[in-house]
Amino acid sequence: MSTAELNADLTAKARIRQVALELFALNGADATSMRAISSRAGVTVGLITHHFGTKAGLIQAVEDDILGGIQRAIAYKPSDANVDGVVRALDQRLMDHVDENPLVVAYLRRMMLIETNGEGTDITERFTRMALDQIEDLRSRGIASTSRDAEDQVMQVMLVQLGQVLLQPFLQHIAGHLDRDPEQYRLSLRKTKR
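For the structure given in this document, a descriptive report is provided here.

What counts, and at which threshold
- All residue numbers here refer to positions counted from 1 along the written sequence of the relevant chain.
- Given that the model is predicted, a residue must reach a pLDDT of at least 70 before its local features are reported, and side-chain atom pairs must reach 80 or more before they are shown or counted; all residues, however, enter totals for whole chains, interfaces and linings.
- Water and hydrogen atoms were dropped before computing side-chain values, which therefore reflect all heavy atoms in the structure.
- Only DSSP runs of H or I covering at least 4 residues are called helices, and only runs of E covering at least 2 are called strands; the numbering of each starts at the N terminus.
- Under the convention used throughout, the expected extent of a helix is 1.5 Å for every residue step, that is, one less than its residue count.
- Think of a polar contact as two N or O atoms within 3.5 Å of one another; within protein, one of them needs to be a possible hydrogen donor and the other a possible acceptor, and neighboring residues in sequence only count if both atoms come from side chains.
- Grid points spaced at 1 Å and placed over the protein atoms alone form the basis of the search, with a cavity being a set where a 1.4 Å probe fits but cannot get out and a pocket an open set showing protein on both sides within 12 Å along at least five of seven lines. Lining residues have an atom within 4 Å of a point.
- Grid points are joined across faces, edges and corners, and a volume is the space filled by probe spheres set on the points.
- In this analysis, two residues are considered to be in contact whenever any of their non-hydrogen atoms come within 4.5 Å of each other.
- In this description, a line fitted to the C-alpha atoms serves as the axis of each element, helices being fitted only across the stretch in contact, and the angle between N-to-C directions of two axes falls anywhere from 0 to 180 degrees.
- Rotating anticlockwise by less than a right angle from the far helix to the near helix defines a left-handed crossing, while the corresponding clockwise rotation defines a right-handed one.
- Each residue receives one of three labels: charged for Asp, Glu, Lys and Arg, nonpolar for Ala, Val, Leu, Ile, Met, Phe, Trp, Tyr, Cys and Pro, and polar for the others, Gly being one of them.
- The classification of residues rests on relative accessible area computed with a 1.4 Å probe and restricted to protein chains. Under 20% of the type maximum is buried, over 50% is exposed, and intermediate values are partly exposed.
- Only buried residues count toward a nonpolar core. Its members are Ala, Val, Leu, Ile, Met, Phe, Trp, Tyr and Cys residues joined through side-chain atoms within 4.5 Å.

Of note in the backbone geometry, D179 takes a positive phi value of approximately 55° without being a glycine. Along the chain, D179 turns up in the segment after α9 (150-177).

Moving on, we get to helix α5 (residues 55-74). Under the 1.5 Å per step criterion, the end-to-end length of α5 is 29 Å for 20 residues, consistent within 8% with the ideal 28 Å. Near the N-terminus of α5, the side chain that reaches the backbone nitrogen of A56, with its oxygen 3.3 Å away, is that of T54.

Turning next to empty space enclosed by the protein. It is the rolling of a water-molecule-sized probe over the atoms that shows where space remains empty. Tallying each qualifying case throughout the model produces one cavity of 30 Å³ or more. I70, I74, L94, F127 and Q161 are, among the 20 residues lining the largest cavity, the residues nearest its centre. Where the lining of the largest cavity is concerned, the elements lending two or more residues are α5, α6 (83-100), α7 (102-114), α8 (123-140) and α9.

Within the secondary structure, A150 sits in helix α9. When the C-alpha positions of A150 and Q134 are compared, they lie 9.9 Å apart, and in sequence the two are 16 residues distant. With sequence-adjacent residues up to four places away left out, A150 is seen in contact with L132, I135, E136 and R139.

The next subject is the packing of α8 against α9. At a minimum axis distance of 9 Å, the contact between α8 and α9 shows a crossing angle of 115°. In this structure, α8 meets α9 at a crossing whose hand is right-handed. In contact with F127, T128, A131, L132, I135, E136 and R139 of α8, α9 contributes A150, E151, Q153, V154, V157, M158 and L162. Its residues assigned to classes, the contact of α8 with α9 shows nine nonpolar, two polar and three charged.

Attention shifts here to the side chain of R110. Mapped onto the fold, R110 is located in helix α7. For R110, a relative accessible area of 19% puts it in the buried group. Apart from residues lying up to four places away in sequence, R110 is in contact with F24, A25, L26, N27, G28 and E115.

This brings us to the nonpolar core. Judged by nonpolar contacts, the single largest core of 43 residues is most densely connected at F24, I37, L58, I70, Y107, L108 and F127. When residues of this core are traced back to their parent elements, those giving at least two are α2 (12-27), α3 (34-41), α4 (45-52), α5, α6, α7, α8 and α9. The leading source of residues in this core is α5, at eight residues. Setting aside residues no more than four positions away along its own chain, F24 makes contact with A29, T32, I37, K55, L58, I59, V62, Y107 and R110. Listed in part, the five residues of the second largest apolar core include V86, L90, L138 and A144.

The next thing to look at is the environment of I70. Mapped onto the elements of the fold, I70 is located in helix α5. Along the sequence, I70 and M130 sit 60 residues apart, while their C-alpha atoms lie 9.4 Å from each other. When neighbours within four sequence positions are excluded, I70 is seen to be in contact with L94, H97, V104, L108, F127 and M130.

What follows is the structure, encoded as structure tokens:
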């Protein structure tokens, strides 16, 4: 969507958040000024501070939106059927969400791997809590194993799912050197052995 289409389609608050996501993902939060966001969004800096307070508040709003989208994508649905069906469905919905939201992926890569202690971001901590909540929910439904600690399961999810999302460009590069199709190395489903 072009900037003109985006500007016409979104409320000012949503437009500011979307532009911030784009600029933070491309340049980093530290290197993105409120003035750059206001210019790109076609609003005043005062309107940004009216809606979000500070840059840290804007970062939190961007991260709230990102995590909300991911949480909706991976939420358990009763239609997911059996244990293996649930796991496959959750993994597929996550990968679909990732594929449909490249700026979210770029933001996660930057904020989780590069600007890990940036002002206003606690995305890694919040992502970890979200994963733990999901594991606890799946355990209570009899879907996730209870034979090991939930924290160990979170680490596995982070390594398999999030690790792959964050490292995808690196994996594609390696696959290219090995004359392999990088798609065959996309998310291999989590194990559900109890």
